[in-house]
Amino acid sequence: MAMRRLLAEYKQITRNPPEGVIAGPKSEDNLFEWEAVIVGPEGTAYEDGVFSATLSFPKDYPMEPPKMKFNTRIFHPNVFPDGEVCISILHAPGDDPLGYESHLERWSPVQSVEKILLSVVSMLAEPNIESSANVDASKVYRDDPERYRVLAQDLVRLSLGL
């Protein structure tokens, strides 16, 4: 079931890719590991950046969400220092044990790779500092927005090899 679903999602995202995103399996032999490239959204601290990421799907996908990790360095409140993305749509289905998220915000089998990638683009544009994966980035974002922009732009330049 998982392989059929991933193949269908790959066909869909190839036919109609979201703006600023390219994604697909790393190889035809393994549909459970995808590469994605996300272009930083216009008007944000990440504008013009090119960020590569990996999506790792569990064998019971779509019942459980994939994990997503940026391979390109990024300074963002919702990205752990190791690159792992922390957003609601990637959290296991059901009730949040901490009571922060509604079960409606978390993963469900009706979600898709496209929705994940669009959520990440949205996350780049609007960080959620109330649910930080990178406390340092959240603090700088909250206390010194200009410094945050400069730090993010430094990594954008690195992502472009400049």
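The rules behind the values
Residues numbered from 1 in each chain as written. Predicted model: local features only at pLDDT ≥ 70, side-chain atom pairs only at ≥ 80, totals over all residues. Heavy atoms only, no water. pLDDT = per-residue confidence, 0-100. Helix = DSSP H or I, 4+ residues; strand = E, 2+ residues; numbered from the N terminus. Core = buried A, V, L, I, M, F, W, Y, C linked by side-chain atoms within 4.5 Å. Buried < 20%, exposed > 50% of the residue type's maximum accessible area, 1.4 Å probe, protein only. Contact = heavy atoms within 4.5 Å. Phe/Tyr/Trp six-rings, centres within 6.5 Å; stacked < 30°, edge-to-face > 60°. Lys NZ or Arg CZ within 6 Å of the ring centre and 35° of its normal. 1 Å grid on protein atoms, 1.4 Å probe; cavity = no way out; pocket = protein on both sides within 12 Å on 5 of 7 lines; lining within 4 Å. Points joined across faces, edges and corners; volume = space filled by probe spheres on them. Nonpolar A, V, L, I, M, F, W, Y, C, P; charged D, E, K, R; others polar. Pairing = 2+ DSSP bridges.

Take the confidence of the model for the chain next. When the pLDDT values of the chain are averaged, the result is 92; 93% of them are 70 or greater. Confidence, read as mean pLDDT per element, is least for helix α4 (residues 145-159) in the chain (94) and greatest for strand β4 (residues 67-70) (98).

Core analysis: the largest hydrophobic core is formed by 40 residues, its most contacted members being Ile38, Met68, Phe70, Leu117 and Val120. In terms of residues, this core owes the most to one element, helix α2 (residues 113-125), which gives seven residues. Ignoring any residue separated from it by four or fewer positions in sequence, one finds Met68 in contact with Ile38, Ala53, Thr54, Leu55, Gly83, Glu84, Val85, Leu90, Ile116, Leu117 and Val120.

At the junction of Tyr61 and Pro62, the peptide bond is cis and its omega measures out at 10° in the coordinates. As for its placement among the helices and strands, Pro62 is situated in the loop between β3 (50-56) and β4. Located in the positive-phi region is Asp48, a residue other than glycine, with phi close to 75°. As for its position among the elements, Asp48 is in the loop between β2 (30-39) and β3. Taking the relative accessible area as the measure of exposure, Asp48 reaches 52% and is therefore exposed.

Time to look at the packing of aromatic side chains. Tallied over the full model, the rule gives nine aromatic pairs. Geometrically, the ring pair formed by Tyr10 and Trp34 is edge-to-face, given 6.0 Å between the ring centres and 80° between the ring planes. On the criterion of sequence distance, the pair formed by Tyr10 in helix α1 (residues 2-15) and Trp34 in strand β2 is long-range, its members being 24 residues apart. Using a relative accessible area of 31% as the deciding quantity, one classes Tyr10 as partly exposed. Classification of Trp34 by relative accessible area gives buried; the value is 0%. Consider the rings of Phe75 and Tyr148, whose centres lie 5.8 Å apart with planes at 40°: the pair is tilted. Placement of Phe75 in the loop between β4 and α2 and of Tyr148 in helix α4 is noted, with a sequence separation of 73 residues between them. With a relative accessible area of 17%, Phe75 lands in the buried category. Taken together through their ring pairs, the aromatic side chains of Tyr46, Phe51, Phe70, Phe75, Tyr141 and Tyr148 make up a single cluster. When the ring centre of Phe32 is taken as origin, the NZ or CZ atom of Lys59, which lies over that ring, is 3.8 Å away.

In this section: the layout of surface pockets. For the second largest pocket, the calculated volume is near 190 Å³. Lining the second largest pocket we find 14 residues, and of these Arg73, Ile74, Phe75, Pro81 and Leu155 sit closest to its centre. Here the lining of the second largest pocket is built from residues that sort into seven nonpolar, four polar and three charged.

What follows deals with the pairing of β4. Along a regular strand, successive side chains alternate from one face of the sheet to the other. Only one face of β4 is buried: it carries Met68 and Phe70, and the other face, with Lys67 and Lys69, is open. Bridging between β3 and β4 involves four bridges; their strand directions are antiparallel. Note on β4: the bridge partner recorded for Leu55 is Met68.

This brings us to the environment of Lys69. In this fold, Lys69 is placed in strand β4. The sequence separation of Lys69 and Ala2 amounts to 67 residues, and the corresponding C-alpha distance is 20 Å.

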